[in-house]
Amino acid sequence: MVTVGFFEGGNENTIVKGQEPDEDWLRRFREIIITYNENRAPDSFMLWFRQRDSEQFFADEFQRVLAILIVARFDQRTTAENALENTIAVVNCGALERLVTRNEIPLLIPKQNVTAEKWTDLFCSSLSELHSLSGRIIAQKEWDALKLLGFMKGEFRVPYLGTKTARLAVRWLHELVSSIKIDMLTYRILIDSLVYRVCSRLGIIDPHIDKYSGENSPADVKVQAFVSKVFPQKPWLLDEPLWSTGRQPDKGGHCFPKNPNCNGCLFQSICRRKFLDTDPSSLGMETSNAERQPTYKPRQQEVTSEQAEFAKYVEDLKQKGVKGEEYREKIMQWQREHRKGET
Ligand code: SF4
């Protein structure tokens, strides 16, 4: 059993080593997180999705899920607005209904360090996998968040739908597609250098002891246990407040690698302000210099026989002119016949 506590103690904000966290501190921490989430700007994609859904824009669950997967995949190293704009562009060209080709869609807004041409090409080459993943998700009405993420990182992996974006997709699926039940108790927040730094300064982990080297490493286990304790039903509420606090000043952050600006920080009233003169991430993380780097490296050459078979099947449907409801029905039928690894 993981002890959820602070690594050393002794002031009004914390507890002593080995004891359960101070309930008053936890209450204040929860209040901060709840207030943050209540006051944050509305999510532009969720607004768009709900509006479209109310207009019966999506033909069925397949399209709802697919739209979420597409926007989550676009939401990396760019703004949420750009991701939504790209999504609208490809959706308007028919990407929810069929495998659109490169010539059918406009040049997309690129993400950082990738040209617009390349990003557009990569979308088109990923679309069959996105269709396949969408079909697989709707073929099962009940999911466990951790297992769903495992599928998305494993046999149903889509190029550039990495750790961060897959978690985003799972959150949106949970919040926007009511017919698919996702047990979020097993949802795990993403720990990068920003989150690690803030958790260290808050006193949740000790970078000298709680090393981070990926999932199930000591720091990961400790942070996830803390998250489960404070928000067992809605663990994702901690994602944004933690990492946005660790961002650079020009992006609204406060908890910089060195000499953080505590004035105006979200956690100012409860923070223990540990390790102010050194970056805790450089002490305790293997990827000490990473600033929210994606951990996923696409395996562009690794196409499984099943993916190849699915791509051929989709191409055959296209050649035969199969569209709309018939197309979706055939995709779902294919998924049912090829279901593997039931949870
Ligand atoms: S109060 Fe200061 S040390 Fe604590 S999280 Fe905020 S910026 Fe970092």
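You'll find the structure just up there.
Residues numbered from 1 in each chain as written. Predicted model: local features only at pLDDT ≥ 70, side-chain atom pairs only at ≥ 80, totals over all residues.

**Student:** Run through the overall build of the protein, naming residues and quoting values.
**Tutor:** The number of helices and strands found in the protein is 13 helices and two strands. Burial analysis of the protein (343 residues in total) assigns 38% to the buried set. Restricting the contact set of the protein to residue pairs at least 6 apart, pairs at least 24 apart contribute 64%. (Helix = DSSP H or I, 4+ residues; strand = E, 2+ residues; numbered from the N terminus. Buried ≥ 20, exposed ≤ 12 C-beta atoms within 10 Å, placed from the backbone. Contact = placed C-beta atoms within 7 Å.)

**Student:** Tell me about the packing of helix 6 (residues 145-153) against helix 7 (residues 163-176), residues and numbers included.
**Tutor:** Direction vectors running N to C along helix 6 and helix 7 enclose 135°, while the axes themselves pass 10 Å from each other. It follows from the interaxial angle that helix 6 and helix 7 lie oblique. Crossing of helix 6 against helix 7: the hand is right-handed. Residues Ala145, Leu148, Leu149, Met152 and Lys153 of helix 6 form the contact with helix 7, whose participating residues are Ala166, Arg167 and Val170. For the contact of helix 6 with helix 7, the class distribution of residues is six nonpolar, no polar and two charged. (Axes fitted to C-alpha atoms, helices over the stretch in contact; angles between N-to-C directions. Parallel < 35°, antiparallel > 145°, perpendicular 65-115°, else oblique. Left-handed = near helix turned anticlockwise from the far one by under 90°. Nonpolar A, V, L, I, M, F, W, Y, C, P; charged D, E, K, R; others polar.)

**Student:** Account for the environment of aspartate 183, with residues named and values stated.
**Tutor:** Of note, aspartate 183 is situated in strand 2 (residues 181-183). Since 14 C-beta atoms lie within 10 Å of it, aspartate 183 is described here as partly exposed. Once residues within four sequence positions are removed from consideration, aspartate 183 is found in contact with Asp144 and Ala145.

**Student:** Summarise the site of the ligand; cite the residues concerned and give the values.
**Tutor:** In the vicinity of the ligand there are 13 residues, among which Cys255, Pro260, Cys262, Cys265 and Cys271 approach most closely. Top element by residues in the shell around the ligand is helix 8 (residues 193-202). It accounts for three residues. Its residues placed into classes, the shell around the ligand shows eight nonpolar, three polar and two charged. (Near = placed C-beta within 6 Å.)

**Student:** Break down the environment of lysine 222 for me, citing the residues and quoting the values.
**Tutor:** Take lysine 222: it is sitting in helix 9 (residues 218-230). The class for lysine 222 is buried, based on 23 C-beta atoms found within 10 Å. For the pair formed by lysine 222 and aspartate 210, sequence separation is twelve residues and the distance between their alpha carbons is 7.8 Å.

**Student:** Break down helix 6 for me, with residues and values.
**Tutor:** Within the sequence span of helix 6, burial applies to Ala145, Leu148 and Met152. In a view along the axis of helix 6, the buried residues occupy a sector of 65°, so they form one face of it. Of the surrounding secondary structure, the elements contacted by the buried residues of helix 6 are helix 5 (116-138), strand 1 (142-144), helix 7 and strand 2. (Arc of directions from axis to C-beta.)

**Student:** So what's going on with unusual backbone geometry? Which residues, and what values?
**Tutor:** One non-glycine residue, asparagine 113, lies in positive phi territory at about 70°. Along the chain, asparagine 113 falls in the loop between helix 4 (80-92) and helix 5. Positive phi values are uncommon outside glycine, yet asparagine 216 reaches one of about 70°. Assignment of secondary structure puts asparagine 216 in the loop between helix 8 and helix 9. Classification of asparagine 216 as exposed rests on a count of 9 C-beta atoms within 10 Å.

**Student:** I'd like a description of helix 7, backed by residues and values.
**Tutor:** In this model, helix 7 (14 residues) spans 20 Å end to end at C-alpha, consistent with the 20 Å of a helix rising 1.5 Å per residue. The buried fraction of helix 7 is high, at eleven of 14 residues. Lys164, Thr165, Ala166, Arg167, Leu168, Ala169, Val170, Arg171, Trp172, Leu173 and His174 are the residues of helix 7 that are buried. On the buried face of helix 7, the contacting elements are helix 3 (61-74), helix 6 and strand 2. (Expected span 1.5 Å × (residues − 1).)

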